[in-house]
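# Per-entry structural report
Each chain, written out:
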Amino acid sequence: PKGLEDQLLVQVVAHERPELEEEKNQLVVQIADGQKQLKDIEDKILYMLANSQGNILDDEVLIATLAASKTTSKEINEQLAQASETKVRIEDACEGYRPVAKRGAILYFVVA
């Protein structure tokens, strides 16, 4: 019953508040994109460290890349934190429609 209730909740929210569903979908994409960017930064740094010649402190390109990566990583983490807060707010708004979904699930099982 809980699975059907959750499916009905998605349908009810999509019908009653389509902007919430759209915003939620955009957040999922934004979070995934931010995580991918962080992974790419990490891979680039690891590659440069693995292929550096001599003293890594003398490698100006590596140091510049690390500095840029630190700034970019900080910005992405802030965006991810903000996206997570927004996602929680959207989920709270969706929970307001839970009674409708629950009644729909009960009606389905009574009729079926």
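Report follows, based on the coordinates. (Residues numbered from 1 in each chain as written. Predicted model: local features only at pLDDT ≥ 70, side-chain atom pairs only at ≥ 80, totals over all residues. Heavy atoms only, no water.)

Per the stated rule, a full pass over the model turns up 1 aromatic pair. Geometrically, the ring pair formed by Tyr-108 and Phe-109 is edge-to-face, given 5.2 Å between the ring centres and 80° between the ring planes. (Phe/Tyr/Trp six-rings, centres within 6.5 Å; stacked < 30°, edge-to-face > 60°.)

What follows concerns the pattern of salt bridges. Scanning all chains against the criterion turns up 7 salt bridges. Among the salt bridges present, the one from Glu-23 reaches Arg-89, with a minimum N-O distance of 3.0 Å. One end of the pair, Glu-23, is in helix α2 (residues 18-50); the other, Arg-89, is in helix α3 (residues 60-95), and 66 residues separate them in sequence. We note a salt bridge from Arg-98 to Glu-95, for which the minimum N-O separation is 2.9 Å. Judged by its relative accessible area of 16%, Arg-98 is buried. Residue classification places Glu-95 among the partly exposed positions, given a relative accessible area of 38%. Look at the salt bridges and you will find they share partners, linking Glu-5, Asp-6, Glu-95 and Arg-98 into a network. (Salt bridge = Lys/Arg side-chain N within 4 Å of Asp/Glu carboxyl O. Helix = DSSP H or I, 4+ residues; strand = E, 2+ residues; numbered from the N terminus. Buried < 20%, exposed > 50% of the residue type's maximum accessible area, 1.4 Å probe, protein only.)

With their axes 5 Å apart at the nearest point, helix α1 (residues 2-16) and α2 run at an angle of 115° to one another. In terms of axis orientation, α1 runs roughly perpendicular to α2. Contacts from Val-10, Val-13, Ala-14, His-15 and Glu-16 in α1 reach Pro-18, Leu-20 and Glu-21 in α2. A breakdown of the residues in the contact of α1 with α2 according to their chemical character gives 5 nonpolar, 1 polar and 2 charged. (Axes fitted to C-alpha atoms, helices over the stretch in contact; angles between N-to-C directions. Parallel < 35°, antiparallel > 145°, perpendicular 65-115°, else oblique. Contact = heavy atoms within 4.5 Å. Nonpolar A, V, L, I, M, F, W, Y, C, P; charged D, E, K, R; others polar.)

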